[in-house]
Amino acid sequence: MTDAEDLRRRTAELLTAHPPAETGRLEFLRARFDAGLAWVHFPEGLGGLDAPRSLQAVVDAELEAAGAPGNDPGRIGIGLGMAAPTILRFGSDEQKQRLLRPLWTGEEVWCQLFSEPGAGSDLAALATRAVRDGEGDWIVDGQKVWTSSAHLARWAILIARTDPDLPKHRGISYFVCDMTDPGVEVRPLRQITGEAEFNEVFLTGVRIPDAQRLGEVGEGWKVAQTTLMNERVAIGGARIPREGGMIGVAAAGWRARPKLRTHDLHQRLLTLWVEAEVARLTGERLRQQLTMGQPGPEGSGMKLAFARLAQEISGWEVEFLAEDGLTYDDWTMRRPDGVDFTGREAGYRYLRAKGNSIEGGTSEVLLNIVAERVLGLPPEPRTDKDVAWKDLPR
């Protein structure tokens, strides 16, 4: 049974064999994965040691103190938070061995091909088709949208309709798509921030081997639920210190600019500070629950709280800063590696936070999930539940 002392010993051995000051970043990350210290709760041979998830903090603290390099989770968050747990649960042994190591080290970036122009909140209505070519490959045609990191990605997790004669939730299959394959076209989507962090992806006759399917044919919605539950935890449940994140930036601005303070702004900041702390502590409790298994619908509540707080805090900050809150550093069209909520100015935070209630599941849909699956309230009537997808009005 692996315990904290065993992990400290293993970490010390890694640092001795691969001193961070003398070892290249990628070499160190590969060695860490091979030592089972990447994500300790994963199986041996796949970056882990079958240890309790809670012990990951022991390894992280030891490596941080030693100045060891990280794997840049902000850049590869989709792979770490969404693709990896799905591959672990539904992938074949060959898929796990091939995909997980370069995913964790950041050698291969991942993106998510789920949302479509006509299937965002109602994701199960997706129209991208995957047609079997004999007994081998699948031929995929369709369009995906709001795809973060598609311009950087080597791989994508993809859901496509494989049987239009079944109801929408039952005719979907789940694939791993090579973004370098012929027929994959990525186009930038410029956002209100001026950047093209998102993309739209066109799939035209893309050939995907059946060996790159996750789960059984027609059970893609079941596989996708694992991805979506982990996505909401990844977005709303990130570990931050007390007064960290956006509330920390707002509080620092308040302390630094006493001439801008008013009683009303003070009362609102105090309320936001308390709510941010409640959300942080709730996130800690959620992560403790994760040590017992897969994430559940509670992650939807965390993502809801994150979106609301990000928008309210950034709105407060712009109001507090007055005319300085309206400045913006750079409207140049560019395609960033990720989102930086604390390293940019208030105007960026205000604009970018508007997307938090849409990405990763709209707040309206997540409210339904919390109502039905957490509070046990009656579900909304669904007249299309048993209707074949091809017969649904579009």
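Here, every reference points to the structure presented above.
Residues numbered from 1 in each chain as written. Predicted model: local features only at pLDDT ≥ 70, side-chain atom pairs only at ≥ 80, totals over all residues. Heavy atoms only, no water.

(A) Expanded view of the overall build of the chain. Broken down by element type, the chain carries 11 helices and eight strands. In terms of C-alpha radius of gyration, the chain reaches 22 Å, essentially the compact-globule figure of 21 Å for 394 residues. Taken over the C-alpha atoms alone, the chain extends approximately 70 × 55 × 45 Å along its principal axes. Long-range pairs, those at least 24 residues apart, make up 70% of the contacts in the chain between residues at least 6 apart in sequence. (Helix = DSSP H or I, 4+ residues; strand = E, 2+ residues; numbered from the N terminus. Rg over C-alpha atoms; globule rule 2.2 N^0.38 Å. Contact = heavy atoms within 4.5 Å.)

(B) Focus on a nonpolar patch on the surface. On the surface, Val374, Leu375 and Leu377 cluster together into a nonpolar patch covering about 280 Å² of accessible area. Judged by relative accessible area, Leu377 falls into the partly exposed class, the value being 45%. (Patch = residues over 30% accessible without salt bridge, like charges linked within 9 Å, V, L, I, M, F, W, Y side chains within 5 Å. Areas by Shrake-Rupley, 256 points an atom, 1.4 Å probe, with all protein chains shown as cover. Salt bridge = Lys/Arg side-chain N within 4 Å of Asp/Glu carboxyl O. Buried < 20%, exposed > 50% of the residue type's maximum accessible area, 1.4 Å probe, protein only.)

(C) Here's a closer look at helix H4 (residues 77-90). The first and last C-alpha atoms of H4 sit 19 Å apart over 14 residues, in line with the 20 Å expected at 1.5 Å per residue. The sharpest bend along H4 reaches about 40° and sits at Ala83, with the proline Pro85 one to four residues further on. Counting buried positions along H4 yields 10 of 14 residues, so the element is predominantly enclosed. Along H4, the residues classified as buried are Ile78, Gly79, Gly81, Met82, Ala83, Ala84, Pro85, Thr86, Ile87 and Phe90. (Expected span 1.5 Å × (residues − 1). Bend = angle between axes of the 7 residues up to and from the residue.)

(D) Fine view of the nonpolar core. Counting 34 residues, the largest nonpolar core has Trp39, Ile87, Leu100, Trp110, Phe114, Ile159 and Tyr174 as its most contacted members. Elements that contribute at least two residues to this core include exactly helix H2 (25-34), H4, helix H5 (93-105), strand S4 (155-161), strand S5 (172-178) and helix H6 (220-236). If you look at the next biggest cluster of nonpolar residues, it comprises 20 residues, including Ile76, Ala130, Val201 and Leu203. (Core = buried A, V, L, I, M, F, W, Y, C linked by side-chain atoms within 4.5 Å.)

(E) Just the pattern of salt bridges, in detail. Under the definition given, this model contains 36 salt bridges. Salt-bridge contacts for Arg8 lead to Glu5; the nearest nitrogen and oxygen are separated by 2.9 Å. With Arg8 and Glu5 both in helix H1 (residues 4-17) and three residues apart, this pair spans about one turn of that helix. Each of Asp6, Arg9, Arg10 and Glu13 takes part in one network of salt bridges that share partners.

(F) The arrangement of the state of the cysteines in detail. Applying the stated criterion across every chain, the model contains zero disulfides. Sulfur of Cys111: no disulfide; nearest cysteine sulfur belongs to Cys177 and is 7.8 Å away. (Disulfide = S-S within 2.5 Å.)

(G) Region of interest: the packing of H1 against helix H3 (residues 56-65). Orientation of H1 relative to H3, taken along the N-to-C sense of each, is 35°, at an axis distance of 9 Å. You can see that H1 and H3 cross each other, and the crossing is right-handed. Contact residues: Ala4, Leu7, Arg8, Thr11, Leu14 and Leu15 in H1; Val58, Val59, Glu62 and Leu63 in H3. Per-class residue counts for the contact of H1 with H3 are seven nonpolar, one polar and two charged. (Axes fitted to C-alpha atoms, helices over the stretch in contact; angles between N-to-C directions. Left-handed = near helix turned anticlockwise from the far one by under 90°. Nonpolar A, V, L, I, M, F, W, Y, C, P; charged D, E, K, R; others polar.)

(H) Structural view of the pairing of strand S1 (residues 110-113). Of the two faces of S1, both are covered, the one formed by Trp110 and Gln112 as well as the one formed by Cys111 and Leu113. Judged from the four bridges that link them, S1 and S4 form a sheet pairing that is parallel. For Leu113, the partnering residue across the bridge sits in S4 and is Leu158. (Pairing = 2+ DSSP bridges.)

(I) Fine view of the packing of H2 against H5. Axis separation between H2 and H5 bottoms out at 9 Å; the angle between their running directions is 130°. Between H2 and H5, the angle falls in the class oblique. Seen from above, H2 lies across H5 with right-handed handedness. On H5, the residues that touch Leu26, Leu29, Arg30, Arg32, Phe33 and Asp34 of H2 are Leu100, Arg101, Trp104 and Thr105. Its residues placed into classes, the contact of H2 with H5 shows five nonpolar, one polar and four charged. (Parallel < 35°, antiparallel > 145°, perpendicular 65-115°, else oblique.)

(J) View of the environment of Arg30. Residue placement: Arg30 occurs in helix H2. Remark: the alpha-carbon pair of Arg30 and Trp104, spanning 74 residues in sequence, is separated by 8.7 Å. Ignoring any residue separated from it by four or fewer positions in sequence, one finds Arg30 in contact with Arg101, Thr105 and Glu107.

(K) View of the environment of Val140. With respect to the helices and strands, the residue Val140 is situated in strand S3 (residues 138-144). You can call Val140 buried: its relative accessible area is 1%. Along the backbone, Val140 and Ala160 are 20 residues apart, and their C-alpha atoms lie at a distance of 7.7 Å. Not counting residues within four places of it along the chain, the set of residues in contact with Val140 comprises Thr128, Arg129, Ala130, Leu158, Leu203, Thr204, Gly205, Val206 and Ile208.

(L) Structural detail: H2. Residues of H2 that are buried: Phe28, Leu29, Ala31, Arg32 and Phe33. Of the surrounding elements, those touching the buried residues of H2 are H1, H3 and H5. Positive phi appears at Gly36, one or two residues downstream of H2, with a value of about 80°.

(M) A look at the packing of aromatic side chains. A full pass over the atoms with the stated rule returns 12 aromatic pairs. Between the aromatic rings of Phe306 and Phe341, the centroid separation amounts to 6.5 Å while the plane-to-plane angle is 80°, which identifies the pairing as edge-to-face. Highlighted residues: Phe306 in helix H9 (residues 298-321) and Phe341 in the loop between H9 and helix H10 (346-352), separated in sequence by 35 residues. Taken together, the ring pairs connect Phe33, Trp39, Phe42 and Trp104 into an aromatic cluster. (Phe/Tyr/Trp six-rings, centres within 6.5 Å; stacked < 30°, edge-to-face > 60°.)

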